[in-house]
Amino acid sequence: MTAAPRHPILTEERALHVAAFSSLIDATLFGDESLIPGYAAQNLLARLSTCGIAQVNASHDGLRMVMFGIGASSTGSAYGLFRDWQEKATLRLQAGVQR
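Residues numbered from 1 in each chain as written. Predicted model: local features only at pLDDT ≥ 70, side-chain atom pairs only at ≥ 80, totals over all residues. Heavy atoms only, no water.

**Q** Please clarify how the overall build of the protein should be interpreted in this entry.
**A** Secondary structure summary: the protein contains 3 helices and 3 strands in total. For the protein, the N- to C-terminal ordering of α and β elements is α-α-β-β-β-α. Every one of the 99 residues in the protein was classed for burial, and the buried ones make up 30%. In the protein, the share of contacts with a sequence separation of at least 24, taken over all contacts with a separation of at least 6, comes to 42%. (Helix = DSSP H or I, 4+ residues; strand = E, 2+ residues; numbered from the N terminus. Buried < 20%, exposed > 50% of the residue type's maximum accessible area, 1.4 Å probe, protein only. Contact = heavy atoms within 4.5 Å.)

Written as structure tokens, this is what we have:
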């Protein structure tokens, strides 16, 4: 049995990145000039993956993403993947910054 991988420490800098990208996701999916949320999510996911900000894997089980040490998964929807990431990011931010 192997131990679950440990998340990187949530430093102040990482916490700011997590909060900023959570806001970016909302602005992209629901902003005044956004595409249909599903298409906007697909476009943002491609951009984040291409830039190396998010590590994305697609398989027959769905999508997986790790961004700023926070993992997320979805059965296939980029929109669902971002929502899962935001939920997990919120929990990590609520736990506080490690000093």
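**Q** I would appreciate a short explanation of the packing of helix 1 (residues 12–30) against helix 3 (residues 78–95) in the present structure.
**A** Between two packed helices, both the angle of their axes relative to each other and the distance between the axes serve to describe the pair. As a packed pair, helix 1 and helix 3 sit with axes 10 Å apart at the nearest point and diverge in direction by 145°. Both helix 1 and helix 3 take part in a crossing whose hand is left-handed. Along the contact surface, helix 1 presents Ala15, Val18, Ala19, Phe21, Ser22, Ile25, Asp26, Leu29 and Phe30, while helix 3 presents Tyr79, Phe82, Arg83, Trp85, Gln86, Ala89 and Leu93. (Axes fitted to C-alpha atoms, helices over the stretch in contact; angles between N-to-C directions. Left-handed = near helix turned anticlockwise from the far one by under 90°.)

**Q** Help me understand the sheet that holds strand 1 (residues 54–59), please; the structure alone is not making it clear to me.
**A** By definition, the strands of a sheet pair up through backbone hydrogen bonds, in either a parallel or an antiparallel sense. Pairing in this open sheet of 3 strands is antiparallel, and the strands run 1-2-3 from one edge to the other. The sheet is open, and its two borders are formed by strand 1 and strand 3 (70–74), each paired with just one other strand. Direction aside, neighbouring strands of the sheet carry axes that sit 15° apart on average. Judged from the 6 bridges that link them, strand 1 and strand 2 (residues 62–67) form a sheet pairing that is antiparallel. Within the sheet, the bridge partner assigned to alanine 54 lies in strand 2 and is methionine 67. (Pairing = 2+ DSSP bridges.)

**Q** I'm lost on helix 2 (residues 37–51) in this one. Help?
**A** Structurally, the α-helix is built with 3.6 residues per turn, so residues lying three or four positions apart point the same way. The end-to-end C-alpha separation of helix 2 is 21 Å, in line with the 21 Å expected for 15 residues at 1.5 Å each. All of the buried residues in helix 2 are Ala40, Ala41, Leu44, Leu45 and Leu48. Around the axis of helix 2, the buried residues are gathered within 135° of arc, so they sit on the same side. Counted as exposed and oriented over 90 degrees from the buried face of helix 2: Arg47 and Thr50. Structurally, helix 2 contributes buried residues whose contacts are with helix 1, strand 1, strand 2 and helix 3. Looking one or two places after helix 2, you find glycine 52, whose phi comes out positive at around 85°. (Expected span 1.5 Å × (residues − 1). Arc of directions from axis to C-beta.)

**Q** Before we go on, may I ask you to explain the nonpolar core in this structure?
**A** Where a protein is soluble and globular, its nonpolar side chains tend to be buried together. Counting 23 residues, the largest nonpolar core has Met65, Met67, Phe82 and Trp85 as its most contacted members. Looking at this core, the elements that each hand over two or more residues are helix 1, helix 2, strand 2, strand 3 and helix 3. Look past the residues within four positions of phenylalanine 82 in its chain and what remains in contact with it is Ile25, Ala41, Leu44, Leu45, Leu48 and Met65. (Core = buried A, V, L, I, M, F, W, Y, C linked by side-chain atoms within 4.5 Å.)

Purely spatial values, then, with no claim about function.
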